[in-house]
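Chain by chain, the residues:
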Amino acid sequence: MSGATAHNLAIGSMVASLCGPAWASDLRQTPAPPAPVLAPGPSFFVTSYVWATAIDGKSATLPPLPAADIHLRFRDVLKELNGALMASAEMRIDRWSVLVDGQFSQVTTGGNLPGPFFSGLKLRSQTTTVQGSVFYRVYEDSVLALDVSGGIRLWNLNTKLEVLPGLANLRIDHRQSQMWADPIVGARLNVELGGPWSLTVAGDVGGFGAGSRLTWQGLGSVNYAWSENLTLKAGYRALHVDYRDGGFSYDVTQHGPAVAATYRF
């Protein structure tokens, strides 16, 4: 029997100024005092995206079953996908920003077992990742903007195996759940290409044995500013993790094209 895994998801900038009134005295006017400068308020960005992931690696999510090699194309994953939710939100204030990115997916697969005693099996796998990062802008000009970041990526894998009854009239249910958190550090570069076009390249690395042995992520996208508030994006993303705990192991890379829409409030 082969193992199964799942892959794996911003309220408008406001600037105000106050102007003092000019007072008249006889025939001469007194100049108005300079307007106080107010710091820009926070900007909020909400992104909804679809990530067409393929999955490659090795996983043993139901010990004592042995680890299984995984090589699933996107159409293989999509065929067994029950549902998925992917979204992110970011708040930016001056040089600082806070990003939260979340993904949830569930896949179900099954098969028949040899012999008359059991009729078949059903395997359901849920994957949840939530990432929180703080970014600081270290450089910015009219073309380039570079941020460095630090944060945490939380993982939760939940697997359920059901062996369906046959002549034995016996049903077997087995559940396995693992949760861990990985510290991560990263960087993000935005390049203005002229007009409404721009390019974003970002990545992070972490784990370091605190949660997983190693995790990393890389993504690149070409962006088109459809309007002042709406930006459309298309690119490629890869996410890797190598986590082991006793007989449980999850050493996989999710990768594939992604499309997104970001709305600025």
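Residues numbered from 1 in each chain as written. Predicted model: local features only at pLDDT ≥ 70, side-chain atom pairs only at ≥ 80, totals over all residues. Heavy atoms only, no water.

**Notes on the overall build of the protein chain**
- Helix and strand counts for the protein chain come out as one helix and 14 strands.
- Roughly 14800 Å² of accessible area belongs to the protein chain as shown, and the carbon and sulfur atoms make up 63% of that amount. (Helix = DSSP H or I, 4+ residues; strand = E, 2+ residues; numbered from the N terminus. Areas by Shrake-Rupley, 256 points an atom, 1.4 Å probe, with all protein chains shown as cover.)

**Focus: the confidence of the model for the protein chain**
- The predicted model of the protein chain averages 81 in pLDDT, with 76% of residues at 70 or higher.
- Of all helices and strands in the protein chain, the one with the weakest mean pLDDT is strand E1 (residues 23-25) (31), whereas strand E11 (residues 197-207) scores best (98).
- Predicted confidence is poor over residues 1-33, with pLDDT under 50, and the contacts of this stretch with residues over four places away or in other chains come to 82 contacts.
- Taken together, the stretch residues 35-39 has pLDDT below 50 and engages in five contacts with residues farther than four places along the chain or on a different chain. (pLDDT = per-residue confidence, 0-100. Contact = heavy atoms within 4.5 Å.)

**Side note on the side chain of glutamine 176**
- Among the secondary structure elements, glutamine 176 is positioned in strand E10 (residues 172-194).
- Leave out the neighbours within four places in its chain, and glutamine 176 touches Thr61, Leu62, Pro63, Leu157, Asn158, Thr159 and Phe248.

**A few points about the environment of tryptophan 155**
- Summarising the element assignment, tryptophan 155 is placed in strand E9 (residues 144-165).
- Overall, the relative accessible area of 0% leaves tryptophan 155 in the buried class.
- Separated by 25 residues in sequence, tryptophan 155 and tryptophan 180 have C-alpha atoms that sit 5.4 Å apart.
- Setting aside residues no more than four positions away along its own chain, tryptophan 155 makes contact with Thr128, Thr129, Gln178, Met179, Trp180, Asp182, Thr215, Leu239, Val241, Tyr250 and Gln254.
- Of note is the side chain of tryptophan 155, whose polar atom sits 3.3 Å from the side chain of aspartate 182. (Buried < 20%, exposed > 50% of the residue type's maximum accessible area, 1.4 Å probe, protein only. Polar contact = N/O pair within 3.5 Å; in protein donor to acceptor, adjacent residues only side chain to side chain.)

**So, the pattern of salt bridges**
- In the structure shown here, the tally under the stated rule is 11 salt bridges.
- Between arginine 92 and glutamate 90 there is a salt bridge, with its nearest N and O atoms 3.6 Å apart.
- A relative accessible area of 10% places glutamate 90 in the buried class.
- The residue arginine 244 makes a salt bridge to aspartate 251 at a minimum N-O spacing of 3.7 Å. (Salt bridge = Lys/Arg side-chain N within 4 Å of Asp/Glu carboxyl O.)

**Let's talk about the pairing of E11**
- Here E11 runs beside strand E12 (residues 214-225); their pairing, made up of 11 bridges, is antiparallel. Its bridge partner lying in E12, glycine 206 is registered against threonine 215.
- The hairpin formed by E11 and E12 contains six residues between the paired strands, and phenylalanine 208 there has a positive phi angle of roughly 55 degrees. (Pairing = 2+ DSSP bridges.)

**Examining the side chain of serine 59**
- Relative to the helices and strands, serine 59 is located in strand E4 (residues 54-60).
- A distance of 3.4 Å separates a polar atom in the side chain of serine 59 from the backbone oxygen of serine 249.

**With respect to the pairing of strand E3 (residues 43-51)**
- Alternating positions in E3 separate cleanly, Ser43, Phe45, Thr47, Tyr49 and Trp51 being buried on one face and Phe44, Val46, Ser48 and Val50 remaining unburied on the opposite face.
- Where E3 lies against strand E6 (residues 81-93), six bridges are found, and the strand directions are antiparallel. Note that in E6 the partner of serine 43 across the bridge is arginine 92.

**A word on the environment of tyrosine 263**
- Here tyrosine 263 lies in strand E14 (residues 248-264).
- We classify tyrosine 263 as partly exposed; its relative accessible area is 37%.
- For tyrosine 263 and valine 46, which are 217 residues apart along the polypeptide, the C-alpha to C-alpha distance reads 5.4 Å.

**A closer look at the packing of aromatic side chains**
- Scanning the model with the defined rule gives seven aromatic pairs in all.
- With centroids separated by 4.7 Å and ring planes inclined at 55 degrees, the aromatic side chains of tryptophan 96 and tyrosine 136 adopt a geometry described as tilted. Linking tryptophan 96 in strand E7 (residues 96-111) with tyrosine 136 in strand E8 (residues 118-140), this pair joins segments that are 40 residues apart in sequence.
- With a relative accessible area of 30%, tyrosine 136 lands in the partly exposed category.
- Judged by centre distance (4.9 Å) and plane angle (70 degrees), the ring pair of tyrosine 263 and phenylalanine 265 falls under edge-to-face. (Phe/Tyr/Trp six-rings, centres within 6.5 Å; stacked < 30°, edge-to-face > 60°.)

**Remarks on the nonpolar core**
- Among the nonpolar cores identified, the biggest contains 17 residues, and Trp51, Trp155, Trp180, Val241, Tyr250 and Val252 are the most heavily contacted of them.
- Those elements that place two or more of their residues in this core are E3, E9, strand E13 (230-245) and E14.
- No other element matches E14, which puts five residues into this core. (Core = buried A, V, L, I, M, F, W, Y, C linked by side-chain atoms within 4.5 Å.)

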